[in-house]
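Observations on the model geometry
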Amino acid sequence: MGGQRVIEETEESMKSKTSLVFAINGERFELELSSLDPSTTLIDFLRNKTPFKSVKLGCGEGGCGACVVLLSKYDPLLEKVDDFTVSSCLTLLCSIDGCSITTSEGLGNSRAGFHAVHERIAGFHATQCGFCTPGMSVSMFSALLNADKSSPPRSGYSNLTAAEAEKAVAGNLCRCTGYRPLVDACKSFSADVDIEDLGFNSFCKKGENRDDVLGRLPCYDHTSSQVICTFPEFLKNEIKIDMSLDPRKYRWSRPVSASELQGLLEVENGLAVKLVAGNTSTGYYKEEKQRKYDRFFDIRRIPELTVVRRGDKGIELGAAVTISKAIEALREKEDVSMLAKLASHMEKIASRFVRNTGTIGGNIVMAQRKQFPSDLTTILVAARATVKIMSVGSGQEQFTLEEFLQQPPLEAKSVLLSVEIPSWRPVTKKKNGSSSPDTRLLFETYRAAPRPLGNALAFLNAAFSAEVSLSEASDSIFVHDCLLAFGAYGTKHAHRARKVEDFLTGKVITDEVLMEAIGLLKDEIVPDKGTSNAGYRSSLAVTFLFEFFGSLTQTNAKTTNGWLNGGCKEIESLKPEAMLSSAQQIVENQEYSPVGKGIVKSGACLQASGEAVYVDDIPSPENCLYGAFIYSTMPLARIKGIRFKENRVPEGVLGIITYKDIPKDGQNVGTKGFFTPDLLFAEDITLCVGQIIGLLVAESQKLADVATNLVVIDYDTEDLEPPILTVEEAVQKSSFFSVPPPLRGKPVGDITKGMAEAEHKILGSKISFGSQYFFYMETQTALAVPDEDNCMVVYSSTQAPEFVHRTIAGCLGVPEHNVRVITRRVGGGFGGKVMKSMPVAAACALAASKMQRPVRTYMNRKTDMITTGGRHPMKVTYSVGFKANGKITALDIEVLLDAGISEDVSPLMPSGIQGALMKYDWGALSFDVKVCKTNTVSRTAVRAPGDVQGSYIGEAIIEKVASYLSADVDEIRKVNLHTYESLGLFHNAKAGESPEYTLPLLWDKLAEFSGFNQRRKVVEEFNASNKWRKRGISRVPAVYGVSMRLTPGRVSVLSDGSVVVEVPGIEIGQGLWTKVKQMAAYSLGLIQCGTTSDELLEKIRVIQADTLSLVQGSVTGGSTSSEASSEAVRICCDGLVKRLLPVNAALVEQTGGPVTWETLISQAYQQSINMAVSSTYLPDMSTGAYLNYGVAASEVEVNVLTGETTVLRTDIIYDCGKSLNPAVDLGQIEGAFVQGLGFFMLEEYLMNSDGLIVTDSTWTYKIPTVDTIPRQFNVEIINSGHHKNRVLSSKASGEPPLLLASSVHCAVRAAVKEAKRQILTWSSNQQGIDLSFDLPVPATMPVVKEFCGLDVVEKYLEWKIQQRMNI
Ligand SMILES: Cc1cc2nc3c(=O)[nH]c(=O)nc-3n(C[C@H](O)[C@H](O)[C@H](O)COP(=O)(O)OP(=O)(O)OC[C@H]3O[C@@H](n4cnc5c(N)ncnc54)[C@H](O)[C@@H]3O)c2cc1C
Ligand code: FES
Ligand code: FES
């Protein structure tokens, strides 16, 4: 705490404030202002200066929610506490003066007892890696607390409705769980939910009595939230004495009136000053965090800026009113629909924890000064808002917001005081001056963004107002006046389409008029050059105009009644709003109990409370230094020099470690994995953008990160060949990595014969895939601590400690026994912490070795995204031959795989692609993969590497064949599913025995389980009767081969009977520890002493992986580590059981009855029996490799006008063999599916032409959120039965289900096809409409809209006009 906690108050401090006082989890903190850097964020303080590490850093830009805390403020006048969530990565420490902070460990913890939120998260199996969970817990707690504040809820429940529960975590990202269990945990508090309708949990079984269940649910007594006192009494007393901060003394001050602020701004000439409200803008303008300011003025206590004034003239909102408070204020005038619509739109800005501190003034100033793509300015321009500005020199002035936006950027010393939204009155007047009684005011706002509930910037937003009347003569709608504002589409500011406004004013709305208006609009709403998806954005403008006016063109009674009733959205309601729901069918298997039971994940509550320790939570050792990576920004260039800007070494920087620092006996090696080692640092020549050049070492992580921006690398490209940046260039230059023969694709059957048998052929068809980033919530991190005798202990967040170990030893040039790598848990891996963790740990170790001080790093999100690579992009060309019935006879396929600059695990890719592709019987298969070496960042394994693409290629081919034959695609799939015989031909021994091939069974069962065939009919009917919404439904199979690997283990029993288990498998969220514990309990239970297996479970602890304790640990990956580790443990336990059985028998004989485990162990100790067994599981070659099967059906709805896709329902049936823990497997299935959904629908990991990753933040890289998962998500795990030699008959679940997400993509394609068919019916010109199209991956909103037709509205109107002319 740096000695800053001062309890006593001196008389002096009573007069003028010299310090900040606040509370964290009820503890008082006082910090001397003079010693504070005002740019310190709350998260910096919490993580570095307090023991409260539950607050995690996931992005540092307000985009993930891992750092969310509850902030409570007390109003002494009203004696009221206001509690709300904030992102601690954007909140400045100084701004919490007088506030109280509650973190997840403050809600409850292992010592004081966990909170019901923690326990329900655990019981609903809603945590995997656990890195997001403390933030989730706080978001849920805050929602409950606020719901139950004003009126007490029913005992045991909360007032929070199920719908609100769904929104409670809408801004928090989770990469593991797929969100459904998190939402269920939150909904379990709601009174309007029947717990039976929630997903699988440890509290209730299907069909149980509701009251019994309630008794078992961790108690939620709404008063328990008061037990957690969010605002301690001592602080209430202190803040009653409100003292000012002397602005001359400190860099941070908080003026209390506009005039005081003005005075300060006038005086502070020449100094760099910053007005601070919520400080959330630094999430977007990250460079702001690094700018040096002389003075910070906190403007949130100035009454003129916090005013909310309602009057006849309108509503005035002070600029420092938060967006959340503004929403509340606008909602208070329920009768004014425009205000309610503004509020609804504002609810989609950012996420709740950003809106709670982000102010309307801050947003407007960001837009005005820096052209931020704001929603607020667009909707406020449409509402004809005005702003009040206070400037040094000119005093106070008022402008319309529109005028203000056009002005030069607001000066640093000018202040936006308030915004006024005028009351809405008709503009047109009757002749006598009163407003026309027949006019109606229409107001609507629009926004198209990748996430419906917000937390994503809009592609385009719009807000329109119009004053219209019914023209009785023509029974049509007459426009008296209108205002059309558009924004965020790649233009400087919110823009009014004045030409269109002028054109429409005074017109009767007809299709022809609308068509002409659209023509004008397209000339006016033109994104600036270089804006992404420009065509799409312009088309959205047309869409929204059409949505607004479209229904008013229909001159019939229905319409006119419609608008008279106040709505102009007469077009079919475009958004299915169904609540999330789910059903799981799980068979808990008692045979090997507790193996087979869905027990709660080990350490789940610790994860929820935030006490679980990740690498960056380990307190820094004394003298610790911090590293930040410097990477290349050139694809192929000579490094001439590395220096700092102005040749000045920034304060706190100790140096830059490069390859030149590698010790004499060491090697410049950054990875020692399966194949050729890779470099740690670029040497004289950098080989790709993103290649690591050095590790900058400084006294804090912040200093290190900031200083990397001051590093200048001088490059030179003279005499160098141009870089290879595409697979085509690699082919041209024969730049390939070789693939060992057993890993190359292998042909099946005779392709020439197969082609000859074909009745039809499709030749040279193409498919391409981009990349996908892991998006683990915990970025790459390591801590290296030098030890005696040239040894090094490294704490690494890795999936491959053994490889990290080897790499470090190689790099330092020391024997491997000088290195120890320890990994307790990993905050998400998804393959990204296999190879990519090695250079991170090695660089820290090298720096630590050189400086003889501990060195750690926690990579910032941007560096992580730029340097780690992600999934392999690929381009596929295929030719397929088939019969008239759709049976495929031959497939010839060539894949160009972009491996990037180094080999990594790329040689493993061909077998992955081919394995999953062979889910269908292709007749004969010819398969060739070229692993291209390009000057781009090295790609690596990402969950289901190669398999996900291979599986999708299969679907794309089937779809193509079905389109060619105009046949039902589901039929074509079925025709090409393997028989057991053909499965054996393609997969050889992996096919196993005939009863193991369960795919055909799953296929049929899914049809029944999901009502697939009936729903297909419903979808058809839906499509026939809806123009702007189209649905698609699709069912796909997945086959996924896995192989077990040699795996060691050790089980030791301590003298009190507690058991320690060591396995090399790393707990990355997949529940490995839980399965291992279950296996140990089952196996030790076979002794059948007086202690049951379930009781033994409580005595077992799986401990961190330590490479010196257990060697040959290899890698956690490939979906089989849990099984293999469990099996290793089973073998160890068998050894112990053998030793203990005679002891047990003797004791039973002596005592005449069963003996407890403790007695047994005590006796064994007395007899000096070795109570530790180490062993190794060596898989049987005949059964150690096997196939996994699953089937999914997804139904989607596509909004033809915006391209938005809603996944209405997904049903999955997955064969888990005999699940070791169905709760864990269910989590893996759902989580993998949702990650796959991201790959197929959302995530664009894009490079520029030099190979630099440009989607490098949460602003540009969009993983699924709670609002993008299937609205209904049903999963059935089947236990298909016994499998000889398999680990208690279990099967893998970590990766295979990811493949099933292609069902969503295929369903979207089906829906888009319907949209295209519809256009065909409208077009006389059928050119360019191809029904056998390939829909790209990912099918993002712009992609879907493009395929539905960017000009679909124009086509429709043209058709309508033509129709009328024909009559
Ligand atoms: C993750 C995330 C997602 C977001 N998504 C959206 C979105 O979808 N749509 C959208 O519209 N916005 C979005 N925003 C922007 C958000 O609304 C703004 O960050 C917020 O409103 C800014 O308010 P603030 O109080 O935090 O401003 P601050 O960060 O405190 O200030 C912003 C700037 O304005 C200056 N300033 C602040 N107040 C005044 C004043 N009264 N007079 C003069 N200068 C002032 C400050 O000096 C600073 O330069 C998002 C933000 C985040 C972090
Ligand atoms: S770390 Fe603060 S929101 Fe991501
Ligand atoms: S459990 Fe949510 S990110 Fe891992």
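You'll find the structure just up there.
The sections below set out a description of the structure shown in this document. If you're wondering where the values come from, they're calculated on a predicted model, not measured in any experiment. (Residues numbered from 1 in each chain as written. Chains lettered and ligands numbered in written order. Predicted model: local features only at pLDDT ≥ 70, side-chain atom pairs only at ≥ 80, totals over all residues. Heavy atoms only, no water.)

As for the sheet that holds strand β7 (residues 273-276)
What counts, and what does not: The rule for pairing is simple: two strands pair if DSSP sees at least two bridges between them. A run of H or I in DSSP becomes a helix once it reaches four residues, and a run of E becomes a strand once it reaches two; helices and strands are each numbered from the N terminus.
In spatial order, the strands read β6-β8-β7; together these three strands make up an open sheet with parallel pairing. Strand pairing shows two members of the sheet lacking a second neighbour, β6 (252-253) and β7, which therefore form its edges. Strand direction decides the pairing type here: β7 and strand β8 (residues 295-298), joined by four bridges, are parallel. Each bridged residue has a counterpart across the sheet, and for Val276 the counterpart in β8 is Asp298.

Thoughts on the pairing of strand β28 (residues 791-796)
For a regular strand, side-chain orientation follows a simple rule: the groups alternate between the two sheet faces. Quick reminder of the rule: For the handedness criterion, the strands are oriented away from the viewer, and a crossover whose path from the first strand over the helix to the second runs clockwise is classed as right-handed.
Two elements, strand β27 (residues 781-787) and β28, share six bridges in a ladder whose sense is antiparallel. Residue pairing across strands places Asp787 opposite Cys791, the latter belonging to β28. Hairpin connection, β27 to β28: the antiparallel pair is bridged by three residues, and Asp789 has positive phi, about 55°. When β28 meets strand β29 (residues 819-823), the two strands line up parallel, connected through four bridges. Each residue of the ladder has a partner; that of Val793, found in β29, is Arg820. The β-α-β motif built from β28, the intervening helix α27 (residues 801-812) and the parallel element β29 has right-handed crossover chirality.

Quick word on the site of ligand 1
Where we set the bar: Neighbouring residues are identified by heavy atoms, a residue being near a molecule or strand if any of them is within 4 Å of it. Side-chain atoms alone can form a polar contact between residues adjacent in sequence; in general such a contact is a pair of N or O atoms within 3.5 Å, and within protein one must be able to donate a hydrogen while the other accepts it. Under the convention used here, a 1.4 Å probe and the Shrake-Rupley method define accessible areas, while residue burial counts only the protein chains that appear. Three classes are used: nonpolar for Ala, Val, Leu, Ile, Met, Phe, Trp, Tyr, Cys and Pro, charged for Asp, Glu, Lys and Arg, and polar for all others, with Gly counted as polar.
The environment of ligand 1 is made up of 37 residues, and the closest members are Leu275, Thr280, Ser281, Thr359 and Asp375. In this structure, Arg369 approaches ligand 1 through a side-chain N or O atom, which is 3.3 Å from an oxygen atom. One nitrogen or oxygen atom from the main chain of Asp375 is found 2.7 Å from an oxygen atom belonging to ligand 1. Protein coverage of the free-state accessible area of ligand 1, which is 970 Å², stands at 97%. Among the secondary structure elements, those contributing two or more residues to the shell around ligand 1 are β7, α16 (360-370) and β13 (415-422). With five residues, the single largest contributor to the shell around ligand 1 is α16. Partitioning the shell around ligand 1 into residue classes produces 21 nonpolar, 12 polar and four charged.

Considerations on the environment of Thr686
Using the following cut-off: The contact criterion used throughout is that any non-hydrogen atoms of two residues lie within 4.5 Å.
With respect to the secondary-structure elements, Thr686 resides in strand β22 (residues 685-686). For the pair Thr686 and Tyr631, spaced 55 residues apart in sequence, the C-alpha separation works out to 9.2 Å. Look past the residues within four positions of Thr686 in its chain and what remains in contact with it is Ser632, Met634, Pro635, Leu636, Ala637, Ile639, Gln691 and Tyr715. Polar contacts involving the side chain of Thr686 include one to the side chain of Gln691, which spans 3.4 Å.

Section: the side chain of Gln799
The residue Gln799 is located in the loop between β28 and α27 in this model. Among the polar contacts listed, one links the side chain of Gln799 to the backbone nitrogen of Gly831, at a separation of 3.1 Å. Contact partners of Gln799, with chain neighbours within four places excluded, come to Gly829, Phe830, Gly831, Gly832, Lys833, Val834, Ile1066, Ile1068, Ser1114, Val1115 and Thr1116.

Observations regarding the packing of aromatic side chains
How we decide: Only rings of Phe, Tyr and Trp enter the pairing, Trp through its six-membered ring, and a pair is recorded when the two centres are within 6.5 Å. The plane angle decides the type: under 30 degrees is stacked, over 60 is edge-to-face, the rest tilted. With a 1.4 Å probe rolled over the protein chains alone, any residue whose accessible area is under 20% of its type maximum counts as buried; one over 50% counts as exposed, and the rest are partly exposed. Working rule: Lys NZ or Arg CZ, within 6 Å of ring centre, within 35 degrees of ring normal, means a charge sits over the ring.
According to the stated counting rule, one finds 47 aromatic pairs in the structure shown. When the centroid spacing of 5.7 Å and the interplanar angle of 80° are considered together, the rings of Tyr773 and Phe775 count as edge-to-face. The exposure class of Phe775 is buried, given its relative accessible area of 0%. Site record: aromatic cluster; members linked through ring pairs are Tyr446, Phe464, Phe486, Phe544, Phe548 and Phe549. Here the guanidinium or amino end of Arg871 rests over the ring plane of Phe1239, the centre of that ring lying 5.1 Å away. The ring of Trp1003 carries the charged tip of Arg1035 above its face, separated from the ring centre by 4.0 Å.

Without other data, these values stay purely geometric and don't point to any function.
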